[in-house]
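Breakdown of the fold
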Amino acid sequence: MRFHFRRATLRAIAGAGLMTIAAFGAPLVQADTFPSRAIKFIVPFGPGSGTDTSARYFAKKLQDITGQAVVVENKPGANGFIAVKQVLSAPADGYTVFIGSNSTLAVNAALFKQLPYDPVADFSPLTMMMRSPAMLAVTPGAKYNDLKGLIAYAKANPGKVNFGAGSAGYQLMGELLNDAAKIETLHVPFKGAGETMTAVSSGTVDYTFAEVTAVQELAKGGRVKVFGVASDKRVASSPDVPTIAEAGLPGFEAYTWVGAMVSAKTPAAETAKLADLFTQISKMDETRAFYEKLGATPMTGGPQQMREFQKNEIALWKRIVVQAKVPQQ
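These figures come from a predicted structure and were not determined experimentally.

Turning our eyes to something else, we now look at the overall build of the protein chain. Across its full length, the protein chain carries 12 helices and 10 strands. The principal-axis extents of the C-alpha atoms in the protein chain amount to approximately 105 × 40 × 30 Å. Out of the 329 residues belonging to the protein chain, those deemed buried represent 50%. Carbon and sulfur atoms provide 56% of the accessible area of the protein chain, an area that totals close to 15,300 Å².

What follows is about the pairing of strand β7 (residues 207-211). Of all 5 residues making up β7, 5 are buried, and the element is well covered by its neighbours. By the bridge criterion, 5 bridges tie strand β4 (residues 123-138) to β7 in an arrangement that is antiparallel. Bridge pairing in β7 places A134 opposite E211. As judged from the 2 bridges shared by strand β5 (residues 162-165) and β7, these two strands associate in the parallel manner. Among the inter-strand pairings, F163 is bridged to a residue of β7, identified as Y207.

Turning to the packing of helix α4 (residues 102-111) against helix α12 (residues 303-323), a few remarks are in order. Packing of α4 against α12 brings their axes to within 8 Å, and their N-to-C directions diverge by 30°. In the crossing of α4 with α12, the sense of the turn from one axis to the other is right-handed. In contact with L105, A106, V107, A109 and A110 of α4, α12 contributes M306, Q310, E313, I314, W317, K318 and V321.

Attention now goes to the side chain of T266. Position of T266 relative to the elements: it lies in the loop between β9 (255-263) and α10 (268-282). Here S263 takes part through its backbone oxygen, which lies 2.8 Å from a polar atom of the side chain of T266. Apart from residues no more than four positions distant in its own chain, T266 is found in contact with A92, D93, G94 and T271.

The subject of this paragraph is unusual backbone geometry. Cis geometry marks the peptide bond from F34 to P35; its omega dihedral reads -5°. Checked against the element boundaries, P35 lands in the loop between α1 (2-33) and β1 (39-43). The backbone of A78 shows a phi angle near 55°, a positive value even though the residue is not glycine. Position of A78 among the secondary structure elements: in the loop between β2 (70-74) and α3 (81-89). The phi dihedral of K182 falls on the positive side, at around 60°, and the residue is not glycine. Looking at where K182 falls in the secondary structure, it is placed in the loop between α6 (168-181) and β6 (186-189).

As a further point, take the packing of α4 against α6. Relative orientation of the contacting elements α4 and α6 amounts to 55°, with a least axis distance of 8 Å. Considered as vectors, α4 and α6 are oriented oblique to each other. For the pair α4 and α6, the contacting residues are N102, S103, V107, N108 and L111 in the first and A168, G169, Y170, Q171, L172 and M173 in the second.

With that out of the way, let us pick up the environment of E253. With respect to the helices and strands, the residue E253 is situated in the loop between α9 (244-247) and β9. We classify E253 as partly exposed; its relative accessible area is 39%. When sequence neighbours within four positions are dropped, the list of residues in contact with E253 reads L176, A230, S231 and D232.

All right, on to the packing of aromatic side chains then. Enumeration according to the criterion identifies 16 aromatic pairs in this entry. Here the aromatic rings of Y57 and F58 are separated by 5.9 Å at their centres, their planes lie at 75°, and the arrangement is edge-to-face. Both residues of the pair, Y57 and F58, count as buried. Here the aromatic rings of Y144 and F227 are separated by 6.3 Å at their centres, their planes lie at 70°, and the arrangement is edge-to-face. Highlighted residues: Y144 in the loop between β4 and α5 (147-156) and F227 in strand β8 (residues 225-229), separated in sequence by 83 residues. Comparing Y144 with F227 shows no difference in burial state: the two are buried. In this structure, R37 packs its charged tip against the face of Y95, placed 3.8 Å from the ring centre. Above the ring of Y255, the side-chain terminus of R131 is found at 3.8 Å from the ring centroid.

Cut-offs used in this document
- Counting starts from 1 at the beginning of each chain's written sequence and moves along it residue by residue.
- Local features in a predicted model are, by the rule used here, given only for residues with pLDDT of at least 70; side-chain atom pairs are given and counted only at 80 or more, and totals for whole chains, interfaces and linings are based on all residues.
- Note that water and hydrogens are dropped before the side-chain values are worked out from all heavy atoms of the structure.
- In this text, helices come from DSSP runs of H or I with a minimum length of four residues, and strands from runs of E with a minimum of two, each type numbered from the N-terminal end.
- Here the term buried applies to any residue with accessible area under 20% of the maximum for its type, exposed to any over 50%, and partly exposed to those in between, with areas from a 1.4 Å probe on protein chains only.
- Using a 1.4 Å probe, accessible areas were evaluated by the Shrake-Rupley method; residue-level cover was limited to the displayed protein chains.
- Strand pairing follows a simple DSSP-based rule, namely that at least 2 bridges must link the two strands.
- What counts as an axis is a line fitted to C-alpha atoms, over the stretch in contact for a helix, and the angles between N-to-C directions run from 0 to 180 degrees.
- Crossing handedness: left-handed means the near helix sits turned counterclockwise from the far one by under a right angle, and right-handed means the same turn made clockwise.
- Two residues qualify as a contact provided that any one of their heavy atoms is within 4.5 Å of a heavy atom in the partner residue.
- Side-chain atoms alone can form a polar contact between residues adjacent in sequence; in general such a contact is a pair of N or O atoms within 3.5 Å, and within protein one must be able to donate a hydrogen while the other accepts it.
- Roughly parallel refers to an angle under 35 degrees, roughly antiparallel to one over 145, roughly perpendicular to one between 65 and 115, and oblique to any angle outside these ranges.
- What counts as a ring pair is set by centres within 6.5 Å for rings of Phe, Tyr and Trp (its six-membered ring), and what kind of pair is set by the plane angle: stacked under 30 degrees, edge-to-face over 60, tilted for all other angles.
- Any Lys NZ or Arg CZ that is within 6 Å of a ring centre and within 35 degrees of that ring's normal is treated as a charge sitting over the ring.

Pasting the structure below:
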């Protein structure tokens, strides 16, 4: 009887030991096999935006590398709050990735007094994806033919010219133009680049800043005029478009950028694996060629570089909000 008790006890202890090993070993096994099912990309803007274009490109490449499906979900509106809420309320297991932009990950921190999320503390960065200069697109029926004409008209008609913005980032670019050119124009919000460009081409609003990818095809079809690109040099895909500096405002530059993040609650192993995969894609020659055709530039570098970049961007836009006297929302 005593023998059977001891044997049963040993079996129980051994079983408990195996359960303990399994429990502590589970994260390692999970990390080794991650990802083992479909991954979801949440995009805070609609189809046609630079953020969406980047998300779909990286989704295809990530699917090719891992053999797992990658689904892109567009959740536009409310300055990106809808998309952010979905990401942060999803299980923090690495299978929900936020494809954010300068608006959601930096500008909102400067433009809003109280955000329903913290763009730094609530997210763990994976990597930067791309950077693209903004273009100044104007309705084709405008009474002016260049940037100097727009500025002169706005000065002669204060408060009667308006600009559309599909995100907080583009709103601040419009406000920055107001400050640099010493003009007063009205901001009209939209849910994303697609809606904004439709409004400009139809004459609902007078002009907008938008990423190169959202402007070029409309410009080729004569549906919008392009007065300049807000970069230090012309973009190869639109060599006839002058820089804003060349068009009359020296030193004026404004860029959009896209980066990937996950919830800060995501385990370190899964976050690191995703970061490696995203960085691998960003460094591909094919990725560089893809973005160059769109007038953009791929951005490489892992989580640490992205975090530093993000913090610098937040500081930059906070300075611009103060400098341009933009009311916080």
